[in-house]
Structure formats: structure tokens, C-alpha cells
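Secondary and tertiary structure notes
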Amino acid sequence: MGPHDHDQYLEIHDHRGAIQRYLLTKGPVILGRGTDAQVRLDGADVSRHHAEMEVDELRRWTIRDLKSRHGVIVNGERIACDEMDKHWQLVEPGDEVQIGTYRMVLMVSTPAVEQAMGQELSYFNVDMQEKGDENTKLTTMEGAGQGAIQPAQLQAIGLTGLRLVQTKSAVKRLRYLFEFVTSGVIGGQVAMAMRVSKVELTRPPQMLMPPMLAKSWPLKRRPHVSRRTVRAVLARGEAVLAGGIPGAPKGVELSVAPDVPSAVIAAPLRSSEDSLDLLYVVVPPELGTTDCLAVISLAARQFEIAEAAKRLAHL
């Protein structure tokens, strides 16, 4: 695999909620409970050699059922298992594979994207107190009261929620959420999703997919991640608005992104025992309001509901 290729891996979820990863480098890869399986899945409903994955010269992964008792399910549909044992099913990034009680998602890491956007994206080295953000405060829905959601926004949230529930691919669901928060209805400039460790607080966040930049975002500007904002979401477990203080001193540009006046709204997407997935949205300073916080918080909640529904469907 060349230096510019993205790493692909299986994110493996068991029935207890534990998450493991298996880096996919070359095939074949056997999945099953046998001691010789590359991906060990321990369960009574898993065959010794349950399934096999293979990769072609274009780095596309496929999977086939090795005549298992309980079958292999990809995006909610059981794949065929013919007598000739030659039925291969394409598995694309974001596709979900179900074997027994195990749910696996094909993921793509994006080191090239993080490197291109600068170290600030990969590491929490932006401290608001060190970047002239002394006047920036953190706000939650509980502390700010009920935000107002416009009818057009409410309709868009409803349609997005329906789209999320109907979408089988995890990556596509996240992309739809990005499209929503960076649309003209919401006005976000940058959308990012990251996984943050609850155990190793100094560990860099893992970007779940490349950021989405709106046309309004200044060209060649690098999105930054505010350590303070992310840690606030970790501590409080709810959506947080950073910036957008009413009545700020004249001439003070509230910003959590160096060189770009802006505010940030970060909201939890999924929580496990050792990590938190969160949505991180950069908005213009004039949208750093509790109204915008309410809209993005509700959209993130719609995403949580869709993810929970997909997990329940696999039980």
C-alpha cells in the first residue's frame, strides 16, 4: 500500500458494547471463532470459519459466507451463499457487516487529510486562553434556556432525521449530517466528527471522516480544534457552544479558530465506556447563539437515534 493510500480497518462491536479494530492490509482474512481465524469472533452463533474477506488491486474489499449456519448480513441483508462458494459481496467504507452478535463497520482512516490541514487538526494544541479568547465563554442548553428553532429549520431537521434512519451506511449517515449543518438553512462553515478517549485525555482525537467545508469558509484556512470545547463536552455529556457572547467589548473578535472570527458548537453523537464520538461545527460569530445551539444539538440527537435504531436492528 502506497504512502498516500488511506488505511482501512474493521471496527468491531460486540454485544457488550466493547469496540476493537482490525487493520486490513492484505487478504485473505478469515472471520470466525477458530484459533486460526485472523479476526476472532467468539460466540455460539459464529462458525469456526464463518466468512472470508478479500481485497482486489483497487483496494476494494469483498466478503463471502463460508457456508456458515447463521449467515452473513451486510447492511441489513443476508448475502447469498451458493454451492460453488463463489458469491462475493462488495463492502464499501461505512458498510455494516453482521456476524452473530458482532457488528462490524468498514472504516477508512484519513492521515493524509489531517496532515494536509495541519497539526492543529490532529492534536489539541489550540488553547483558547493562549489565543486571545479570554472573553469567550462556554454555554449549554441547560444554562441558556430554550433556543428558538425556525419552521424551515425544524422541517429540515425532520427530513434529515428520516434520511438518517433510512440510510444503511454509517459513513453516509455522517455525511448527511455534515451536509445538513453546513447547508444554507443552518449556516455552518466546517463540520467535523471525531472520537475522543475518555481514558487518555491527552490522546489526539481520531477523525471519523474528512471534514466538510462550506463555500463560505475562507480558502486555505485550516480548521482548528478547541481543546477546551471538546473537554467541556466530555465533562458535561451535552452540546456546548463556545463563543458568541452578547455584548462583547467593541473590537474583540471572539474566535476558537485562530485568524478566523468564529464560534463552535460541539455535540455528542455516541458514547461508550472508553470513548465519545462528537460533532464539531464551526459557525460564523453571528451564529454563535443558543438558537443555533438548539438546532445543531437536535440534529445530533437525530443522528444518535438513527445509530441506536441500526444497532437494535442487529440484535
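Quick note: structure is the one above.
Because the structure is a prediction, the values reported are computed rather than measured. (Residues numbered from 1 in each chain as written. Predicted model: local features only at pLDDT ≥ 70, side-chain atom pairs only at ≥ 80, totals over all residues. Heavy atoms only, no water.)

Turning our attention to the packing of aromatic side chains. The description of two aromatic rings rests on the distance between their centres and on the angle between their planes. Considering all chains together, one arrives at zero aromatic pairs under this definition. Sitting above the plane of the Y176 ring, R163 keeps its charged end 3.5 Å from the centroid. (Phe/Tyr/Trp six-rings, centres within 6.5 Å; stacked < 30°, edge-to-face > 60°. Lys NZ or Arg CZ within 6 Å of the ring centre and 35° of its normal.)

Let us now look at helix α6 (residues 227-236). For α6, the complete set of buried residues consists of T229, V230, A232 and V233. Mapping the buried residues of α6 onto a view down its axis gives an arc of 155 degrees, with all of them on the same face. One or two positions beyond α6, positive phi appears at G237, with a value near 70 degrees. (Buried < 20%, exposed > 50% of the residue type's maximum accessible area, 1.4 Å probe, protein only. Helix = DSSP H or I, 4+ residues; strand = E, 2+ residues; numbered from the N terminus. Arc of directions from axis to C-beta.)

So, about the sheet that holds strand β6 (residues 61-65). Within the open sheet, the five strands sit side by side as β4-β3-β5-β6-β9. Their pairing is mixed. Bordering the open sheet on either side are β4 (39-40) and β9 (89-91), each of which pairs with just one other strand. Note: β6 against β9, three bridges, orientation antiparallel. Residue pairing in the sheet places I63 in a bridge with Q89 of β9. (Pairing = 2+ DSSP bridges.)

An ideal rise of 1.5 Å per residue puts 16 Å on twelve residues; helix α5 (residues 170-181) measures up with 17 Å between its terminal C-alpha atoms. Here α5 lies mainly inside the structure; nine of its twelve residues are buried. For α5, the complete set of buried residues consists of A170, V171, R173, L174, Y176, L177, F178, F180 and V181. (Expected span 1.5 Å × (residues − 1).)

Quick look at unusual backbone geometry now. Look at the link from G27 to P28: it is a cis peptide, with omega at -5 degrees. You can see P28 is positioned in the loop between β2 (19-24) and β3 (29-32). In this structure, K67 takes a positive phi of about 55 degrees despite not being glycine. You will see that N75, though not glycine, has its phi angle at about 55 degrees, which is positive. Counting through the fold element by element, N75 comes out in the loop between β7 (73-74) and β8 (77-78).

What follows concerns the sheet that holds strand β10 (residues 96-99). In any sheet, the strands associate via hydrogen bonds between backbone groups, in a parallel or an antiparallel arrangement. One open sheet accounts for six strands, arranged β2-β1-β11-β10-β7-β8; its pairing is antiparallel. Every interior strand has two partners, whereas the edge strands, β2 and β8, have only one. Across four bridges, β10 lies against strand β11 (residues 102-108) in antiparallel orientation. Bridge pairing links Q98 to R103 in β11.

Our next topic: the pattern of salt bridges. The full count for this structure, using the stated rule, is eleven salt bridges. The closest approach of N and O atoms between R64 and E52, which form a salt bridge, is 2.6 Å. One end of the pair, R64, is in strand β6; the other, E52, is in strand β5 (residues 51-55), with twelve residues separating them in the sequence. A relative accessible area of 11% places E52 in the buried class. The closest approach of N and O atoms between E96 and R173, which form a salt bridge, is 2.8 Å. Here E96 is found in strand β10, whereas its partner R173 is found in helix α5, with 77 residues between them in sequence. Per residue, the accessibility class of E96 equals that of R173, and both read buried. What emerges from the salt-bridge pattern is a single network uniting E96, R103, R173 and E307. (Salt bridge = Lys/Arg side-chain N within 4 Å of Asp/Glu carboxyl O.)

Moving on: the nonpolar core. Ranked by internal contacts, the top residues of the largest apolar core, which has 32 residues, are L174, F180, L269, L279 and I296. Going through the elements one at a time, α4 (151-166), α5, β13 (190-197), β17 (263-271), β18 (275-283) and α7 (290-313) are the ones with two or more residues in this core. Among the elements that make up this core, the one with the highest residue count is α7 (eight residues). Excluding its chain neighbours within four sequence positions, the residues that come into contact with L279 are L177, F178, V181, M192, I265, A266, A267, L269 and I296. (Core = buried A, V, L, I, M, F, W, Y, C linked by side-chain atoms within 4.5 Å. Contact = heavy atoms within 4.5 Å.)

Right, let's get into the pairing of strand β1 (residues 8-13). Where burial is concerned, most of β1 is hidden: six out of the six residues are buried. Where burial is concerned, the two faces of β1 agree: the one with Q8, L10 and I12 and the one with Y9, E11 and H13 are both buried. The pairing of β1 with β2 spans six bridges and is classified as antiparallel. Considered in β2, the bridge of I12 is made with Q20. Following β1, the chain reverses through five residues before pairing antiparallel with β2; G17 in that reversal takes a positive phi of roughly 95 degrees.

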